[in-house]
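Analysis of the macromolecular model
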Amino acid sequence: MAKQKRYSYIKNPYSTGGWYCFVLGIISFILSALVIVSSVRTNGEVSLFFAAVGLSAIMLDICGLIFLINCLMEKDRNHIFAFIGGVLELIVLLAWVFVLAVR
């Protein structure tokens, strides 16, 4: 029987900061969506709890962007999760800037 060849399409291991950036991006996206849906339902009259959740989402975005910058400094690593997390964080941060600027 002939041996099957195995191919690895991932040359470099994933960066550790990329995983943190990805997870923080997902968490901040979910928290922001929760706050925005709550705000729409209550016509902008959210409770102090949801305001704190929104502030936490913004702070998580900033932390995730710091992880993104640190991750991009790592050489010979795969940065795909860092890029996905960074895009999520930028979308959420721009959404918060839009929400706060319109008010």
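Here, the structure is the one placed above.
Quick caveat: nothing in here was measured; it's all calculated off a predicted structure.

Calculation rules
- Residues numbered from 1 in each chain as written.
- Predicted model: local features only at pLDDT ≥ 70, side-chain atom pairs only at ≥ 80, totals over all residues.
- Heavy atoms only, no water.
- Helix = DSSP H or I, 4+ residues; strand = E, 2+ residues; numbered from the N terminus.
- Expected span 1.5 Å × (residues − 1).
- Buried < 20%, exposed > 50% of the residue type's maximum accessible area, 1.4 Å probe, protein only.
- Contact = heavy atoms within 4.5 Å.
- Core = buried A, V, L, I, M, F, W, Y, C linked by side-chain atoms within 4.5 Å.
- Phe/Tyr/Trp six-rings, centres within 6.5 Å; stacked < 30°, edge-to-face > 60°.
- Patch = residues over 30% accessible without salt bridge, like charges linked within 9 Å, V, L, I, M, F, W, Y side chains within 5 Å.
- Areas by Shrake-Rupley, 256 points an atom, 1.4 Å probe, with all protein chains shown as cover.
- Salt bridge = Lys/Arg side-chain N within 4 Å of Asp/Glu carboxyl O.

Thoughts on helix α3 (residues 80–102)
Over its 23 residues, α3 extends 33 Å from the first C-alpha to the last, a length consistent with the 33 Å expected when each residue adds 1.5 Å. By the burial criterion, the buried members of α3 are F81, A82, G85, G86, L88, E89, V92 and W96. Structurally, α3 contributes buried residues whose contacts are with α1 (16–41) and α2 (48–72).

What to know about the nonpolar core
Counting six residues, the largest nonpolar core is built from V35, V53, A57, I58, V92 and W96. Those elements that provide at least two residues to this core are α2 and α3. Here this core takes three residues from α2, the largest share from any one element. Excluding residues within four positions of it along the chain, I58 makes contact with L93 and W96. Grouped together as the second largest cluster of nonpolar side chains are five residues, C21, L65, C71 and A82 included.

Some words on the packing of aromatic side chains
Any aromatic ring pair is given by two values, namely how distant the centres are and how the planes are angled relative to each other. One pass over the full model with this rule turns up six aromatic pairs. Note on Y14 and W19: the rings are 5.7 Å apart at their centroids and 80 degrees apart in plane angle, and the pair reads as edge-to-face. Both rings, one in W19 and one in F81, keep their centres 4.1 Å apart while their planes meet at 25 degrees; by these two values the pair is stacked. Placement of the pair is W19 in helix α1 and F81 in helix α3, with a sequence separation of 62 residues.

Topic: a nonpolar patch on the surface
Taken together, the side chains of I36, V40, F98, V99, L100 and V102 define a hydrophobic patch exposed on the protein surface, amounting to about 580 Å² of accessible area. Put simply, the parts of the chain that give the nonpolar patch at least two residues each are α1 and α3. Looking at the element boundaries, V99 is found in helix α3. Assessed through its relative accessible area of 35%, V99 is described here as partly exposed.

Observations concerning the environment of C21
Inspection of the secondary structure puts C21 in helix α1. Remark: the alpha-carbon pair of C21 and G85, spanning 64 residues in sequence, is separated by 5.2 Å.

A closer look at the pattern of salt bridges
In this structure the tally under the stated criterion is one salt bridge. Two residues, R77 and E74, come together in a salt bridge whose shortest N-O distance is 4.0 Å. Given a relative accessible area of 35%, R77 falls into the partly exposed group. For E74, a relative accessible area of 24% puts it in the partly exposed group.

It is worth stressing that arrangement in space is one thing and function is another; only the former is reported here.
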